[in-house]
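Here is how the chains run, residue by residue.
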Amino acid sequence: MWGGGGGLVEYRSALLASHGYASLALEYLSHSEGQNAWASQSLEEQYFETAFTILKDHPRVASDRMALLGLSFGSSIALRLTVYSKVVNPRCLVCISGSHVQLVGNSISNSFHEFNMNINGMTRTDDNNNLIWRNLILPIPTEANRKVQVGRIKCPLLLIVGEDDQNWPTAESAEDMEKMMEAAGNRHLLTTLSYPGAGHLIEPPYSPH
């Protein structure tokens, strides 16, 4: 699953397929709507559960070896589904440049709406006029209903983090997730790859941008 930029982004899925993995790239935000998509989409867990089930039920897919991979907000959805869905039960989970911070007591749509409402007051620009989003979810909240309870994850989790990510506070989120999993007793399932100087969009070499 791609992030909040929207659209159907297939090249990472195609790369996996070229190595023999059955892969489904799932569009869940309309690229044509731009940032308005954050406010207008009506997304519920059932949409993602249906996609997971379609791939799982394919006769050429090993249904007990399914995985989820998400980038940016796509990883936030992947975490949410892994913890709370009764349908999505991945064998492993890969989250690239994402965070567990979101409203978990409401729908995914409400999480989009909250981010959309905070954009004007919580974003800023740097000296080069680059837009900095990371303050949208800082400081990392302590309230249980404002972040996915990763202590309930039962499969291996790989976090890929850029330490100079100005879009999401991914390094801070990874540290908090590690603490939560340590306290819950499932820290052994977590692997974190953290890259100094790397930003938000961590991609396979030679892939399009």
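Here's a quick rundown of the structure. Within every chain, residues take consecutive numbers counted from 1 along the sequence as written. For a predicted model such as this one, the threshold for reporting local features is a pLDDT of at least 70, and the threshold for listing and counting side-chain atom pairs is 80 or more; totals across whole chains, interfaces and linings nevertheless cover every residue. Water and hydrogen atoms play no part in the side-chain values, which are based on all heavy atoms of the structure.

### Observations regarding the sheet that holds strand E1 (residues 67-71)
Two strands qualify as a pair provided DSSP detects at least 2 bridges between them. Numbering goes from the N terminus for both helices and strands, where a helix is a DSSP run of H or I of at least four residues and a strand is a run of E of at least two. Strand order in the open sheet formed by four strands is E1-E2-E5-E6, and the pairing between neighbours is parallel. The sheet is open, and its two borders are formed by E1 and strand E6 (190-195), each paired with just one other strand. Across this sheet, the average inter-strand angle for adjacent strands is 10°, counted without regard to direction. Two strands pair when backbone bridges link them, and E1 and strand E2 (residues 92-96) are joined in this way by five bridges, in the parallel orientation. From the neighbouring strand, Leu71 faces E2, where its bridge partner is Ile96. Strands in contact with helix H4 (residues 73-84) are E1, E2 and strand E5 (157-162); relative to E1, the strand with the most contacts, it is inclined by about 145°. Throughout, an axis means a line fitted to C-alpha atoms (over the contacting stretch in the case of helices), and angles, computed between N-to-C directions, take values from 0 to 180 degrees. Contacts are assigned to residue pairs with any non-hydrogen atoms lying within 4.5 Å of each other.

### Some words on the nonpolar core
In terms of nonpolar packing, the biggest core is built from 41 residues, with Leu79, Leu93 and Leu157 touching the most fellow members. At the level of elements, helix H3 (45-56), H4, E2, E5 and helix H6 (170-184) are the ones that each hand at least two residues to this core. Among the elements that line this core, the one with the most residues is H4, at six residues. Aside from chain neighbours lying at most four places away, what touches Leu157 is Leu79, Leu93, Cys95, Met181, Leu189, Leu190 and Thr191. In this description, a nonpolar core means a group of buried Ala, Val, Leu, Ile, Met, Phe, Trp, Tyr and Cys residues linked to one another through side-chain atoms lying within 4.5 Å. Summary of the burial criterion: residues with accessible area below 20% of their type's maximum are buried, those above 50% are exposed, and those between are partly exposed, where the area comes from a 1.4 Å probe applied to protein chains only.

### Comments concerning the state of the cysteines
Disulfide: a pair of cysteine sulfur atoms within 2.5 Å of each other. Inspection of the entire model under this criterion finds zero disulfides. For Cys92, which is in no disulfide, the shortest distance to another cysteine sulfur is to Cys155 and amounts to 6.8 Å. The partly exposed category is assigned to Cys92, whose relative accessible area is 29%. Among the residues examined, Cys155 registers a relative accessible area of 5% and is labelled buried.

### Quick word on unusual backbone geometry
With omega at -5°, the peptide bond leading from Leu138 into Pro139 counts as cis. Inspection of the secondary structure assignment puts Pro139 in the loop between strand E4 (131-132) and E5. Not every positive phi belongs to a glycine, and Ser72 is a case in point at roughly 60°. Within the element layout of this structure, Ser72 appears in the loop between E1 and H4. Among the residues examined, Ser72 registers a relative accessible area of 8% and is labelled buried. Located in the positive-phi region is Ser97, a residue other than glycine, with phi close to 55°. Within the element layout of this structure, Ser97 appears in the loop between E2 and helix H5 (108-122).

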